[in-house]
Every structure is written in C-alpha cells, then in structure tokens.
Amino acid sequence: MGGRVPSQADVVVIGAGAFGLSTAYFLAREGAGRVVVLDRYAPRSQTSPRAAGLFKLIQGDELRTRLARLAIDTVLGFSEETGAPLPVERSGSLLIARTEAHAALILREAEQSRRWGVELELVAATEVCRLAPYVEPDEIRAACWIPGDVYIEEPASLLEAYQEGAAKRGAAVCGHVPVTGIRVRAGEVAGVVTPSGKIAAPVVVDAAGAWAREVGRLAGAEVPIVPMRHQLYITDPVLGMQPSYPIARIIDVAVYVRPARGGIMLGGFESDPLPLDPAGRDESFSMDDVPLDFAVLERLTGQVERTVPDLRRVGVQEHRGGLFTMTADGLFLVGPVPGVRGLWTLTGCNGSGFSFSPALGRLLAEWIVHGEPSLDIRALSPGRFSRQLSEDDLVAAAVWQYTHYYSPEGLELEA
Ligand SMILES: Cc1cc2nc3c(=O)[nH]c(=O)nc-3n(C[C@H](O)[C@H](O)[C@H](O)COP(=O)(O)OP(=O)(O)OC[C@H]3O[C@@H](n4cnc5c(N)ncnc54)[C@H](O)[C@@H]3O)c2cc1C
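Bear in mind that the values here come from a model prediction, so they are computed numbers and not experimental data.

Caption draft 1: Here's a closer look at the overall build of the protein chain. For the protein chain, the count of helices and strands is nine helices and 17 strands. Over its C-alpha trace the protein chain gives a radius of gyration of 21 Å, about what one expects of a compact globule, namely 22 Å for 415 residues. Reported as C-alpha extents along the three principal axes, the dimensions of the protein chain are approximately 65 × 45 × 40 Å. Across the protein chain, contacts joining residues at least 24 apart in sequence account for 77% of those joining residues at least 6 apart.

Here it is, written out as structure tokens:
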C-alpha cells in the first residue's frame, strides 16, 4: 500500500496510465490547482506501457483526424515544452490492401483524409518496397503513403515524460493507492476514499482504463466500456532493419507491423476477440493476468507472411498484451459523466488511447479548468448515449468495433 495521501485536492485523477497522466500534466499546465493522481498499482504499469506506440493520421471522421494531428504535434513538441526526453520516430506509414474491396477502401479513405488536410500519396507496390524494404510487393493491390505518421519505440517513454512534466508543474502521482470509494453529496462529487486516507476534492477524473466502468459505479454512474484483449510480438533482430522504416498496416487482415528493437513488431485484430472485464475477476487482477495466446498472432502472421517474410526468418523476443476499452460506437468517452457533477472521464480508447492521449488529455484539462475545450469534442462526451444498452448488446457492439478497426464502413476481414 502507498503512504498517506493529501487530505485535499482540487482535482483527483484516478489512473496513472496514458490518459490519466496526460490529463494530469495538462491540468497542472492549465492552472487547475492541486492535482493528485492515484493508481492502484505502480504508475505507468498497466495497459499503456504495453502499447505498440503507433500514431495514425488517417481516421474515420474529421474530428478524430484533427485530434490525431493535434496529438502528433503535441508529442513532437513535448520535450521542448517540458524538458522531459521523448524520442519520437518520424517514420511515416503505409496503408496496404491486398484485396479489391480493401483497395477501394484505401482510395476512399485517402480521398476523404486529403480533404481533411492529411498529406498523403497513393503509391505503387514497387514504391512501397522502396520506402519499406521489409515488405514484398507481390500481393499488394493498393497502398497509401502517409509521411506525417510517427511511432514511439518504447511506450514507457511517453508515460515517463507525462509524469515528469506533471511533477515539474506540481502534480503529485501516488502509486499503490486504490480508490475504493467516490464520495457524492447532493449529486456532486465531494472526494475519494482510499485505504491510505480520504481526499476531499470537487473534481474527480475517472481514467481507470479497464477498471473505468467499475470506478464510475463507485459514484453510482455508468461508464459504458468493454475491456478487450489485444496482443503483439516483437521479433529478434532482422538484418538490415532500420528504425526509420515506415509502419505498415495491412488492412485486409487488420495487421500492423513496424521496426522495433532491431526486429519487427506485429500486432493485429482477430475476428473473434476476447472481452475480459476485471470486474468479474479477483481483486488483485492486473495486466499481468491477461491470458496471452500466441496462437492468435501465429494465425495473423500466417496471413501476412508473404508480404513480410522476415517475420518467419527469426525468433520472437517479446510477446505482450493488455486490455483495450471498447465502446458501442467505437468513439472515445471523454467529458463530464452524466448524473454526477464534478465527475469526468477519459476512457473508451478503442485501441488508440496511447496515441490520442496527448490531444484528449489536453482538451479534457481545458474543459475542466476553462469550461470548454479549444477543440469541440462534445460529440465524444459520455452523455451522447441516450439509452443504456443491455450487457449483451454492449459486448456485441464492442466486438464489432474491435473487428472493424481498419474498416469502419463495415468491410469484413479476410479469412
Ligand atoms: C498490445 C497493445 C497495443 C496497443 N497499441 C496501441 C497503439 O499503437 N497506439 C495507440 O494509440 N494505442 C494502442 N493501444 C491502446 C493503448 O495502450 C490504450 O488505449 C491506452 O494505454 C489506455 O490508457 P489508459 O490510461 O486508459 O489505461 P491504463 O494504462 O491501463 O491506465 C489505467 C490505470 O488506472 C488504474 N486504476 C484502475 N482502477 C483504479 C482504482 N480503483 N484506483 C486507482 N487506480 C486505478 C490502473 O492501475 C491503471 O494503471 C494498445 C494496447 C495494447 C494492449
């Protein structure tokens, strides 16, 4: 258990992952007063450090495109702003399709993203291989080059930078302090309860990742997310692999690959994903207990082995996974939680919380401190759901969103 916690704060943030730490940094920067972040485990230890670290400018709508732009601009300027080291690899990325239907999808997405201001270029298969020499051209039907995409090699580095930046501006981050209660008086947040003491606070942010629904319920509020497993692996070093080579997303099978630690990282979206709610598990459940299943990644590897043959030539140095927080409509949950004044949330990552955290943490902090965010994100607020789905319908909708990560129009994955 952590030591005693302060008895008062202006804002308590629950969760020291990408969402909570980004929010804390920007709250402190925007002048929110005493900001305290609590985590039930060590800060930066749950889903966020397990991410692939990819950022993606091509998005399904204009709002998320603007958020993605803001997020990339923010991480590129973060070291200069905070003095915290944060290496960002400006690799660019390739969207690759190997079926006619997915090729048509790339053309539509390219056209719409260009309208929304994304710099991109449709490229031939030979050009794909020039840009990304680890990719073979034979099966490629269409490809799009997005030079502005980036990745962060070790996701922990962004989390450390947030925490360092937040600490420099006076925020406190306390690990091993689980929030066990949220005090609500006359419909308003009054503070939180922990085994290390109570903290009186008029504002509480639920950024508890896979536990966000459970934490919302401590205040009698509904935060409708479905935690779902996601995995990746990193191969042993591959001769000639360069960190500057682009990310490649092979959308017909929803697989992404990128250079990693001298080898190749592969992750992807299976068609039968595993929902897994910590609420139904032992109280000590953590990301270390998520059951990893290499067979899922083995299957995905088989689907791309002719496009990325090096995956089969070397061994695997790391296999990791954690829990996405999916929502019924595939959009983030960010903003005030209906029914409890002073309770805010930032969750519903839908697989992109690491990369959007710089933008969403900043906008949420502005919303809390100044009454409105500098970019209108009300469309993402939890109040958008006019009715509560049944549990079965919520899980089914969340699974649909997971399996259509690269094809929001509903195009099915290739078997
Ligand atoms: C394998 C994998 C690859 C991914 N790749 C990418 C990617 O390339 N790009 C991208 O954008 N996203 C990616 N993601 C998604 C990304 O990791 C998540 O969206 C992001 O980490 C979510 O951050 P979070 O802060 O919500 O969760 P977390 O990092 O899990 O943080 C939540 C914190 O809340 C704490 N908490 C919970 N309950 C309590 C409580 N009662 N009291 C106190 N603390 C509590 C937890 O201990 C935890 O530390 C990936 C995810 C996985 C699993």
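Structure's up, so let's keep going.
Caption draft 2: Looking closely at helix α7 (residues 294-304). Three or more residues of α7 are buried, namely Val296, Leu297, Leu300, Thr301 and Val304. All buried residues of α7 project into a common sector of 135° when viewed along the axis, lining one side. Buried positions along α7 lie against β11 (226-235), β12 (247-250), β13 (255-260), β14 (263-268) and β15 (316-326).

Caption draft 3: Molecular detail of the sheet that holds strand β3 (residues 93-97). Across the sheet, eight strands lie side by side as β4-β5-β3-β12-β13-β14-β11-β15; this open sheet has mixed pairing. Across the chains shown, the open sheet's two edge strands, defined by having one partner strand only, are β4 (121-123) and β15. Strand-to-strand, the axes of this sheet are offset by a mean angle of 20°, without reference to chain direction. For β3 and strand β5 (residues 142-146), the ladder comprises five bridges, and the chain directions are antiparallel. Pairing of Leu94 across the sheet is with Trp145, part of β5. Against the sheet, helix α9 (residues 391-403) engages β11, β14 and β15, with an angle of about 25° to β11.

Caption draft 4: Region of interest: the nonpolar core. In this structure, Leu67, Leu360 and Leu380 are the most contacted members of the largest nonpolar core, which totals 91 residues. The greatest single-element share of this core, amounting to nine residues, is contributed by helix α8 (residues 353-370). Those residues in contact with Leu380 that lie beyond four places of it in its chain are Leu63, Leu67, Leu331, Phe332, Leu333, Val334 and Leu360. Formed by 30 residues, the second largest nonpolar core is a distinct cluster that contains Tyr41, Ala201, Met287 and Val340.

Caption draft 5: How the structure looks around the site of the ligand. Contacts to the ligand come from 37 residues, most closely from Asp39, Ser48, Ala52, Val179 and Ser355. Here an oxygen atom of the ligand sits 3.1 Å away from a polar atom, N or O, in the main chain of Phe19. The contact in question runs from a nitrogen atom of the ligand to an N or O atom on the backbone of Val179, over 2.9 Å. Protein chains shield 98% of the accessible area of the ligand, which is 1000 Å² for the free molecule. Taken together, the elements giving at least two residues each to the shell around the ligand come down to α1 (18-29), β11, β15 and α8. In terms of residue count, α8 provides more of the shell around the ligand than any other element does, three residues in total. In terms of residue class, the shell around the ligand is built from 21 nonpolar, 13 polar and three charged.

Caption draft 6: Seen up close, the layout of surface pockets. By volume, the second largest pocket amounts to about 350 Å³. Forming the walls of the second largest pocket are 21 residues, and the residues nearest its centre are Arg64, Gly330, His404, Tyr405 and Pro408. Looking at the lining of the second largest pocket residue by residue, the class counts come to ten nonpolar, seven polar and four charged.

Caption draft 7: A look at the pattern of salt bridges. Evaluated as defined, the whole model comprises 29 salt bridges. Taking the shortest distance from any N to any O, the salt bridge between Arg69 and Asp73 comes out at 3.2 Å. Of this pair, Arg69 and Asp73 both sit in helix α2 (residues 62-82), separated by four residues, roughly a single helical turn. Note on Asp73: relative accessible area 41%, which makes it partly exposed. Residue Arg378 is joined to Asp376 by a salt bridge in which the shortest nitrogen-to-oxygen separation is 2.7 Å. We classify Asp376 as partly exposed; its relative accessible area is 42%. Three or more residues joined by partner-sharing salt bridges are found here, namely Arg98, Glu139, Asp252 and Arg306.

Caption draft 8: Region of the structure containing the UniProt feature "domain: FAD dependent oxidoreductase" (unreviewed entry) in the protein chain. Mapped onto this numbering, the UniProt entry annotates "domain: FAD dependent oxidoreductase" (unreviewed entry) at residues 10-367. Taken end to end, residues 10-367 is 28% helix and 25% strand, and its two terminal C-alpha atoms sit 15 Å from one another.

Caption draft 9: Seen up close, the confidence of the model for the protein chain. With 100% of its residues at a pLDDT of 70 or more, the protein chain has an overall mean of 96. Considering each helix and strand of the protein chain separately, the mean pLDDT is smallest for α9, with a value of 96, and largest for strand β10 (residues 203-206), with 99.

Caption draft 10: How the structure looks around the sheet that holds strand β7 (residues 181-185). Here three strands make up an open sheet; going across it, the order is β7-β8-β9 and the pairing antiparallel. Two strands close off the open sheet at either side, each with one partner strand: β7 and β9 (197-200). Going across the sheet, the axis of each strand differs from the next one's by a mean of 25°, ignoring polarity. In this sheet, β9 lies alongside strand β8 (residues 188-194) in antiparallel orientation, the contact comprising four bridges. Opposite Val192, over in β9, you have Ile199 as the bridge partner.

Caption draft 11: Examining the pairing of β13 more closely. Among the six residues in β13, six count as buried, and that is most of the element. Burial along β13 is two-sided: the residues Val255, Val257 and Pro259 and Tyr256, Arg258 and Ala260 are all buried. The pairing of β12 with β13 spans three bridges and is antiparallel. Paired with Arg249 across the two strands is Tyr256, which belongs to β13. One ladder, built from six bridges, connects β13 with β14; its direction is antiparallel. Within the sheet, the bridge partner assigned to Ala260 lies in β14 and is Gly263.

Each value, and the rule that gives it
Residues numbered from 1 in each chain as written. Predicted model: local features only at pLDDT ≥ 70, side-chain atom pairs only at ≥ 80, totals over all residues. Heavy atoms only, no water. Helix = DSSP H or I, 4+ residues; strand = E, 2+ residues; numbered from the N terminus. Rg over C-alpha atoms; globule rule 2.2 N^0.38 Å. Contact = heavy atoms within 4.5 Å. Buried < 20%, exposed > 50% of the residue type's maximum accessible area, 1.4 Å probe, protein only. Arc of directions from axis to C-beta. Pairing = 2+ DSSP bridges. Axes fitted to C-alpha atoms, helices over the stretch in contact; angles between N-to-C directions. Core = buried A, V, L, I, M, F, W, Y, C linked by side-chain atoms within 4.5 Å. Near = heavy atom within 4 Å. Polar contact = N/O pair within 3.5 Å; in protein donor to acceptor, adjacent residues only side chain to side chain. Areas by Shrake-Rupley, 256 points an atom, 1.4 Å probe, with all protein chains shown as cover. Nonpolar A, V, L, I, M, F, W, Y, C, P; charged D, E, K, R; others polar. 1 Å grid on protein atoms, 1.4 Å probe; cavity = no way out; pocket = protein on both sides within 12 Å on 5 of 7 lines; lining within 4 Å. Points joined across faces, edges and corners; volume = space filled by probe spheres on them. Salt bridge = Lys/Arg side-chain N within 4 Å of Asp/Glu carboxyl O. UniProt positions renumbered as here; feature names shortened; annotations may be inferred. pLDDT = per-residue confidence, 0-100.

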